[in-house]
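One-letter residues, chain by chain:
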Amino acid sequence: MKAISNVKKICIGVAAGLACAALCFGLGFLWRGKTSAGPTITSDVLTNSIQQAQELTTVKYLYTNMGKFEESTDFYGWKVPFTTKAFIISYDGEITAGVDLSEATVEKQGDQVTVSLPQAKILTHTIDEDSIQVFDETSNVFNPIRITDYTEFSKDQKEALEEKAVNNGLLEEARSRAEDSIEGLLLSLQGDEAWQITFENAE
């Protein structure tokens, strides 16, 4: 049996926005175009500027989790006595979520700017190996604990925590912050124009 015990600490933090180097490059490119050849900001130019960042990591989900693993040898639905193996493990982890900007597009028609973004998704999920602690490890010669028990348990735990983070609104928060960051970038490029910026889901 694999069970998840209580999550000890969960917090959501905001990571850095767009990649600074990529955005500075795009910003400089656009301003050079405006000063040397007049207003040349097109849909393609805006799309390329946003795609320079490739990925926008907007939210970090930090947690400390404790989980329990327990398993016994089963014989036609009957648990064989003295074959139970178990352990309790605690660890710290970090889940990041954001938007893949390589799939983003921008359509500019006059002062109407429409940004199509893919759905936010989980980008990374890492466990701090230095934080791992094992408690109450119980094993026996008939059913010894193996390294695969730890790896499979870790995989199950990560999937459960990702589901919990998503249910707590992680992806919605990432999408909202991505839109705020991109809107801020576009507004800095509008110059004398007054753009009306809207967002839609990419097909």
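Bear in mind that the values here come from a model prediction, so they are computed numbers and not experimental data.

1. Some words on the environment of T124
Now for step 1: You can see T124 is positioned in strand β8 (residues 121-138).
Now for step 2: A residue is classified by how much of its surface remains accessible, and T124, at 37% relative accessible area, is partly exposed.
Now for step 3: Separated by 30 residues in sequence, T124 and E94 have C-alpha atoms that sit 7.9 Å apart.
Now for step 4: The residues touching T124, leaving out its near neighbours within four places in the chain, are E94, I95 and T96.

2. Observations regarding the sheet that holds strand β7 (residues 112-117)
Now for step 1: Read from one edge of the open sheet, three strands run β6-β7-β9, paired in mixed fashion. Whereas interior strands pair on both sides, the edge strands pair on one side only; in this sheet they are β6 (105-109) and β9 (196-201). The mean inter-strand angle of the sheet, taken between neighbouring strand axes irrespective of direction, is 20°.
Now for step 2: Pairing geometry for β6 and β7, over five bridges, is antiparallel. For Q109, the partnering residue across the bridge sits in β7 and is Q112.
Now for step 3: Contacts from helix α4 (residues 170-189) reach β7 and β9 within the one sheet, and its direction differs from that of β9 by about 145°.

3. Topic: α4
Now for step 1: A rise of 1.5 Å per residue sets the reference length of α4, with its 20 residues, at 28 Å; its end C-alpha atoms lie 29 Å apart and thus fit the reference within 8%.
Now for step 2: Among the residues of α4, those classed as buried are L170, A174, R175, A178, I182, L185, L186 and L189. Mapping the buried residues of α4 onto a view down its axis gives an arc of 125°, with all of them on the same face.

4. Thoughts on the packing of helix α2 (residues 43-51) against α4
Now for step 1: As a packed pair, α2 and α4 sit with axes 11 Å apart at the nearest point and diverge in direction by 135°. Relative to α4, the element α2 lies oblique. The handedness of the crossing between α2 and α4 is right-handed. When α2 is examined against α4, the residues L46, S49 and I50 are found in contact with a partner set consisting of I182, L185, L186 and L189.
Now for step 2: Here the contact of α2 with α4 is composed, by residue class, of six nonpolar, one polar and no charged.

5. A look at the nonpolar core
Now for step 1: The biggest cluster of nonpolar side chains holds 32 residues, and the ones touching the most others in it are L46, I50, L101, V113, V115, L186 and W195.
Now for step 2: Looking at this core, the elements that each hand over two or more residues are α2, β2 (55-71), β5 (85-100), β7, α3 (147-167) and α4.
Now for step 3: Sorting elements by how many residues they give to this core places α4 first, with seven residues.

6. Some thoughts on a negative patch on the surface
Now for step 1: A grouping of D92, D128, E129 and D130 is seen on the molecular surface, where their side chains present a negatively charged patch.
Now for step 2: Per-element tally for the negative patch: the top contributor is β8, with three residues.

7. Let's talk about the side chain of N65
Now for step 1: Tracing the backbone through its elements, the reader meets N65 in strand β2.
Now for step 2: A polar atom in the side chain of N65 sits 2.7 Å from the side chain of Q157.

8. A closer look at the layout of surface pockets
Now for step 1: When its volume is computed, the largest pocket comes out at roughly 150 Å³.
Now for step 2: For the largest pocket, the lining is made up of 11 residues, of which I89, I127, I132, Y150 and S154 are closest to its centre.
Now for step 3: When contributions to the lining of the largest pocket are tallied by element, the ones reaching two or more residues are β5, β8 and α3.
Now for step 4: Residue contributions to the lining of the largest pocket peak at six residues, all from α3.
Now for step 5: The residue inventory of the lining of the largest pocket, partitioned by class, reads seven nonpolar, three polar and one charged.

Reading the values: the criteria
- Sequence order as written defines residue numbering, which begins from 1 separately in each chain.
- A pLDDT threshold of at least 70 governs which residues receive local features in this predicted model, and a stricter bar of 80 or more applies before side-chain atom pairs are shown or counted, although totals over entire chains, interfaces and linings include all residues.
- Think of the side-chain values as coming from all heavy atoms in the structure, minus any hydrogens and water.
- Secondary structure follows DSSP: runs of H or I at least 4 residues long count as helices, runs of E at least 2 residues long count as strands, and numbering of each begins at the N terminus.
- The buried label goes to any residue with under 20% of its type's maximum accessible area, the exposed label to any with over 50%, and the partly exposed label to all in between, with areas taken from a 1.4 Å probe on protein chains only.
- Note on definitions: a residue-residue contact is assigned when non-hydrogen atoms from the two residues lie within 4.5 Å.
- Should DSSP find at least two bridges between two strands, the strands are regarded as paired.
- Working convention: axes come from line fits to C-alpha atoms, limited for helices to the stretch in contact. Angles between N-to-C directions cover 0 to 180 degrees.
- One less than the number of residues in a helix, times 1.5 Å, gives the span that helix is expected to have.
- The directions considered for the arc run from the helix axis to the C-beta atoms.
- Here the angle decides the label: under 35 degrees means roughly parallel, over 145 means roughly antiparallel, 65 to 115 means roughly perpendicular, and every other value means oblique.
- By convention, the crossing between two helices is left-handed when the near helix turns anticlockwise from the far helix through less than a right angle, and right-handed when the turn is clockwise.
- Lys, Arg, Asp and Glu make up the charged group, whereas Ala, Val, Leu, Ile, Met, Phe, Trp, Tyr, Cys and Pro make up the nonpolar group; the residues left over, Gly among them, are polar.
- To define a nonpolar core, start from buried Ala, Val, Leu, Ile, Met, Phe, Trp, Tyr and Cys residues and group those joined through side-chain atoms within 4.5 Å.
- The patch calculation keeps residues exceeding 30% relative accessible area without a salt bridge and links them within 9 Å when they carry like charges or within 5 Å when they are nonpolar (Val, Leu, Ile, Met, Phe, Trp, Tyr).
- Computed with the Shrake-Rupley method and a 1.4 Å probe, the accessible areas treat only the protein chains shown as cover for residues.
- Any carboxyl oxygen of Asp or Glu that lies within 4 Å of a side-chain nitrogen of Lys or Arg is treated as forming a salt bridge with it.
- In summary, the charge assignment counts Lys and Arg as positive and Asp and Glu as negative, without counting His or the chain termini.
- For this purpose, a charge sits on NZ of Lys, CZ of Arg, CG of Asp or CD of Glu.
- Any pair of N or O atoms that falls within 3.5 Å is considered a polar contact. Within protein, one atom must be able to donate a hydrogen and the other to accept it, and sequence-neighbouring residues count only if both atoms are side-chain atoms.
- The method works on a 1 Å grid over the protein atoms by themselves. A cavity is a set of points holding a 1.4 Å probe that cannot get out, a pocket is an open set with protein on both sides within 12 Å along at least five of seven lines, and residues with an atom within 4 Å of a point line them.
- Grid points are joined across faces, edges and corners, and a volume is the space filled by probe spheres set on the points.

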